[in-house]
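Listed below, chain by chain, are the residues.
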Amino acid sequence: MNGKVTTVTHPDDPNDVKSFTYDFSYWSFDGCKEGTNGYFAKDSPGSKFADQQQVYDDLGAGVLRNAWDGYNTSLFAYGQTGSGKSWSVIGYGANKGIVPLLCEQLFKGITEKKGQAEFEVRFSMLEIYNEVVRDLLNPAGKNKGLKVRQHNKKGFYAEGLKMALVSSYEEIEQKMNEGTVNRTIASTNMNATSSRAHTIVGINFVQKFKNEAGQETAKSAIVNLVDLAGSERVESTGATGARLKEGAGINQSLSCLGNCIHALAEQSSGKQARVPYRDSALTKLLMNALGGNSKTIMIAAISPADINYEETLSTLRYADRAKQIKTKATVNEDPTDKLLRELKEENDKLKKMLSGGKIDTTFVDVDNDGVDDNDAEKLKKKWEEEMKARMMENEMEMANMKKTYEEKLKQSKKDFVDPSIAKKELEKQKKPHIYNLNMDPMLSGRVLHILKPGANSVGNRKGEESYITMVGPSIQEQHAVMTVGKDNKVNIKPVNTDCRILVNGSPIQGETTLCHNDRLVFGSTQIWVFQNPPEKEKTKMNYPDITFEYAQEEIASKSGIDMRSASDADLSKAQEDLLEVMPAVEEANSISEELDKRVKFEIMMVAPQVLGKDTGKTEVHVKMKNLENGTEFVWPKDKFLDRLHIMKEMYSNYEDDDDDWDRPEEEDPFQESLDTEIHIGTVQIILQPLAYNVELKEQLEIINYKGAEVGVMNVEVVPCDSDGKDYTEADDKFVDPPDELLGKNNYFNVKILNCRGLPNRYSDIYCSYKVYLDEKETETKKISDTSNPDFNHIKKFSFTPVTKQLLEYLQKGSIVVRIMGKQRLRKSAMMNKDSSLTTKDMLKTDRAVFSRTANLMNGFHMNGRVVDPQKQSIIVELLLMKKTQARLQQKVDSVRKLVKEAENISKVRVSTSLLKEVLNANTPEQADSLIRKLADDDDKGTHGRIGSGSSSSVCTML
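The present account deals with the structure reproduced in this document. (Residues numbered from 1 in each chain as written. Predicted model: local features only at pLDDT ≥ 70, side-chain atom pairs only at ≥ 80, totals over all residues. Heavy atoms only, no water.)

### Thoughts on the sheet that holds strand β29 (residues 619-626)
Paired through their backbone hydrogen bonds, the strands of a sheet run either parallel or antiparallel. Let me state the cut-off plainly: Any two strands between which DSSP finds at least two bridges are classified as paired. Segments assigned H or I by DSSP are reported as helices when at least four residues long, segments assigned E as strands when at least two residues long, and all are numbered from the N terminus. Only the stretch in contact is used when a helix axis is fitted, and all axes are lines through C-alpha atoms; the angle between N-to-C directions ranges over 0 to 180 degrees. Residue contacts are defined here by distance: any two heavy atoms, one from each residue, within 4.5 Å place the two residues in contact.
Here we have 3 strands laid out as an open sheet, ordered β28-β29-β30, and antiparallel in their pairing. Two strands lie at the open edges of the sheet, namely β28 (599-606) and β30 (632-636), each paired on one side alone. On average, each strand axis in the sheet is tilted by 30° relative to the strand beside it, whichever way the strands run. Those strands touched by helix α17 (residues 637-655) are β28, β29 and β30, and its axis lies near 105° from that of β30.

Quick look at the structure:
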């Protein structure tokens, strides 16, 4: 960052530099020092580090000024999870972000102007997950969510959203903590997860005073503070079709926001464009902020890490597009009696229209999603519902305007959180307790359970006697008992063998004594930290801070995976992905067990060659196996994680006794259609022989995802002429070195003859591959009803002429052939189907999902055999060595013949030019012809020195 300019450089190409100019560019990665109070400030006067106060002075002060002036203001925080959005907006400890600093200054200003006007500050907090709007200050009915309505003046709003009246920043902080706790409980109990949910904090600021005409006037301003979901969640999963409508649910909000920003930028440049606000709940609620009556600021948080380059560049482009949008904000100031009159008049009109049954779409704009325009009855019903909601909203607003501030404040005091929360915070300093861990650090430590003396039962909410209630897959009604002894020692014991508990990453079977800072896992999703203040005080030890990542790394380590062993960037990224997927796979298996879906998930580490890529890095995939019919599908990490969020939603509905918790087969995240093509295996054809104009004819192993051989493929790669006719041994076009091909035309045929020994559970089998710079895959014909398909595929490739880049490809590259097909159900698989067995029974035989992961980390030690990635290269090297050896042997034999012929005719000297011609002869026949020429020349008397004027040297034959 330099002034207003942000510059990003490609990690692999220092010449690839891109610059973007914004209103402000802040650097907050390093160049700072921590003060005694914990505040981070510049470590030197010349440091470019931007502290929290500087960011507030530039951005937050303007937001506050707009609120006092009566303008609506919105502040977006956009960027990759972990890039610093929460740091800028909320902050931590002494490093307060924009929101707390703004609220503190707002109430400071109210105190200073007390008596000049009457002030009201209302606070709201909601989140949007999977297109469901949830009120975080009123979590009851969280599964149904709030309806998003449209008002002719307010625009879109969430019907029934709780607006808490607050009189100090401490009350705002208390309400924000309450909302965060509700958000944490939802996340912990598998409803929303923070990284996939958008959070909108609303502050409604109203000033009431007498205008110059003596009328009571209200000046209002709405400040929306929006924390968007992590932008990396918009990545493509490769999933298609109706089976993955969850993609439209989970990622819809961010993609729609991007579409709206693009359309608004087009409008700002003078082009005609429709802005699709209605496409998601988020864009509806932010319509005013994006293009209406609001001043809007976007904070784009980026990471300086090279592995996040693509995401960083995408975020910068997103912000650059948003910068082009122009909004038109107006002051919200009107006499109170005028506002009341307008609300009353509007309600009178609505009542008349309702009684008359006339639809006036110009007065009430109804969202017709899911309603056919030709279905007048349904449209009328939806229109009436919208009208009634509008009337109710107007009546509530009128009633609120008529109340005095004291009446409102008295009512709001009843709504504040239970004081027992503050009591718990004091008790945790002295008593044994557990607190939650969450992948979002903002949500860790928000749920606290103080352990009482004696037995403390742990179980799901169906277990009415549980002292501590936890909801999630694999949590039993009575799951565990935590016992606090007289000496404050705490023991934990599973109720039975089906109750899964991990202590510091290891499963326990019997009673175990806990130590301060022990990590506990109940079931598959509930992760907690046990703390015992009396023990800590007694030992006087320095205990490390426990984070979600620390706990996951510990579980991985106990499963045989050392996350600290990552040495290079690619392996480090693979290990990070594995850390993310490990608990997710365990969670998916638990949900499958609870819902009896008869599906098992396993982690796989897949080499790039197996994926059909010539180069790349090892990737984390997840195999989904149907335990009834034996079908298997391998999903990329992102596709699996998207499916998992729908599984969570299904489980949440199931736990709430929702009869509609299950989904149709085509939308079930546990199902995959048998029409889905799968990757059976891969063959890698090394092209090095072509660089020497040598044919390759081999039977190559077909390797599947696990690195196991699933058959063989007979392939040929043969140099040919321009008509496609293969060169033969007699043609002998061998070149050495390969540089001899540069500038010449080159042709070769790729032949995929057949596959042998494939498993017989596949149909519609075909092969797919790319050569050199091909953009489109070349495919063979499809073969069914055999495990030994004959493709007899031939394709000629022409390169005129051979370039240096092509020659390098031939010398170092390969053709990766993917064998594709569809699965079919076999009788043997269906015979295993036993309706009396539950998913739980089936999974018991293979419960340790992570036990084999350690072997996978090395990539090639699988199924009791070692897959040598260099095997094909060794085969090719051997082929070339044989070819070279044969050529050298031919030359030696020809020189021997030449010597013998010279001896026969008593010739003591032979010219070097003749020797060179013999050595360069492509075939034995050409050499023999040259040797015979020696005898013919001798008959003519031309022996001794050849060409007295020649510069050639001579070779004396001994």
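### Notes on the packing of aromatic side chains
Rules: Aromatic pairing here means that ring centres of Phe, Tyr or Trp (its six-membered ring) are within 6.5 Å. Orientation follows from the plane angle: under 30 degrees is stacked, over 60 is edge-to-face, and everything else is tilted. The buried label applies to any residue whose accessible area, calculated with a 1.4 Å probe on protein chains only, is under 20% of its type's maximum; exposed applies above 50%, and partly exposed to all values in between. In our convention, an over-ring charge means Lys NZ or Arg CZ found within 6 Å of a ring centre and within 35 degrees of that ring's normal.
Applying the stated rule across the entire model yields 19 aromatic pairs. Ring plane angle 80° and centroid distance 5.0 Å describe the contact between Trp68 and Phe205, whose orientation is recorded as edge-to-face. A residue pair is termed long-range when its members are at least 10 positions apart, and Trp68 in helix α1 (residues 52-69) and Phe205 in strand β13 (residues 198-210) qualify at 137 residues. With respect to class, Trp68 is no different from Phe205; both count as buried. On the numbers, 6.0 Å between centres and 45° between planes, the contact of Phe601 with Trp635 is tilted. With a gap of 34 residues between them, Phe601 in strand β28 and Trp635 in strand β30 connect regions that are remote in the sequence. This pair shows no difference in class: Phe601 is buried, exactly as Trp635 is. Pairwise contacts between aromatic rings join Phe748, Tyr769, Tyr772, Phe797, Phe799 and Tyr809 into one cluster. Cation over ring: Lys113 sits above Trp68, and NZ or CZ is 4.1 Å from the ring centre. Just above the ring of Tyr727 sits the side chain of Lys733; from NZ or CZ to the centre is 5.4 Å.

### Observations concerning the packing of α1 against helix α3 (residues 98-112)
The relative placement of two packed helices is expressed as an angle between their axes plus a distance between the axes. Where we set the bar: Angular relationships are summarised with four words: roughly parallel below 35 degrees, roughly antiparallel beyond 145, roughly perpendicular across 65 to 115, and oblique for the angles in between. By definition, any crossing whose near helix is turned counterclockwise from its far helix by less than a right angle is left-handed, and any crossing with a clockwise turn is right-handed. Ten residue types, Ala, Val, Leu, Ile, Met, Phe, Trp, Tyr, Cys and Pro, are classed as nonpolar, four, Asp, Glu, Lys and Arg, as charged, and the remainder, Gly among them, as polar.
One can describe the packing of α1 onto α3 by two numbers: an axis separation of 9 Å at closest approach and a directional angle of 50°. Between α1 and α3, the crossing angle belongs to the class labelled oblique. α3 is crossed by α1, and the crossing has right-handed handedness. In this structure, α1 uses Gln52, Gln53, Val55, Tyr56, Leu59, Gly60, Val63, Leu64 and Trp68 to contact α3, whose residues at the interface are Ile98, Leu101, Leu102, Gln105, Leu106, Gly109 and Ile110. Its residues assigned to classes, the contact of α1 with α3 shows 11 nonpolar, 5 polar and no charged.

Such coordinate-based values are descriptive only and should not be taken to indicate function.
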